[in-house]
Amino acid sequence: METTVELQAPFQYMIIWPILAVIMLAAAIFLQVYFRKKLGDRLKKEKQIRLKKISEATLEGKKKKYIGELVYIERDLMNRRITVRQAYQKMSLCIRMFVRDVTGINVERYTLTEIRAVNIPQLTNLVKEYYEPEFARETRIDARQSILKTRMLIEGWRK
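Residues numbered from 1 in each chain as written. Predicted model: local features only at pLDDT ≥ 70, side-chain atom pairs only at ≥ 80, totals over all residues. Heavy atoms only, no water.

Moving on to a nonpolar patch on the surface. There is a patch of nonpolar side chains on the surface, built from M14, I15, I16, W17, I19, L20 and I23 and spanning about 720 Å² of accessible area. Among the structural elements, I23 can be located in helix α1 (residues 16-47). (Patch = residues over 30% accessible without salt bridge, like charges linked within 9 Å, V, L, I, M, F, W, Y side chains within 5 Å. Areas by Shrake-Rupley, 256 points an atom, 1.4 Å probe, with all protein chains shown as cover. Salt bridge = Lys/Arg side-chain N within 4 Å of Asp/Glu carboxyl O. Helix = DSSP H or I, 4+ residues; strand = E, 2+ residues; numbered from the N terminus.)

Below, the structure written as structure tokens:
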């Protein structure tokens with residue numbers, strides 16, 4: 001009994017590889033589009049500013065706390081325990097922490113541009129005023145006047 005074997009052409013099955021490559025490329029593109037959209041939706045949700053709701057009593061308590069901090073800053077500045085630069089750094093932190101506590105927006109690490117985007121003009125103006133004395137070697141700005149402005153912002157804050 002005689003057995004015969006017919007050999008196939010060597011490249012006959014090579015058509016499978018380009019088809020698999022196209023399928024893998026399409027899958028990669030689909031996954032990339034899917035995850036970018038999902039990530040974009042998440043970032044949009046994170047960028048929406050949600051203000052925390054606090055009671056009037058809590059707001060008054062926060063006002064007293066941070067005005068007390070301003071009193072300490074002014075006292076330390078007048079007694080020369082801190083420099084003007086340190087006073088401005090402490091004022092900046094004080095007003096940023098106050099805003100965080102009453103709104104829930106974590107502005108303590110925000111840049112001026114990010115604070116501007118939050119759309120609280122009084123805070124933007126104060127932080128802008130603080131920038132020069134915080135970072136300059138010397139300044140002519142009156143720190144006591146800035147403390148007064150900061151105090152007025154805190155006292156005038158509404159829910």
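Another aspect to go through is the pattern of salt bridges. For the structure on display, the rule yields eight salt bridges. Residues D101 and K62 are paired through a salt bridge, measuring 3.8 Å at the closest nitrogen-oxygen approach. One end of the pair, D101, is in helix α3 (residues 84-103); the other, K62, is in helix α2 (residues 56-78), with 39 residues separating them in the sequence. What makes D101 buried here is its relative accessible area of 9%. With a relative accessible area of 22%, K62 lands in the partly exposed category. Its salt-bridge partner being R144, residue E74 comes within 3.2 Å of it at the nearest N-O pair. Residue E74 is located in helix α2, and its partner R144 is located in helix α6 (residues 143-155); the two are separated by 70 residues in the primary sequence. Three or more residues are tied together by salt bridges with common partners; here these are K62, R100, D101 and E108. (Buried < 20%, exposed > 50% of the residue type's maximum accessible area, 1.4 Å probe, protein only.)

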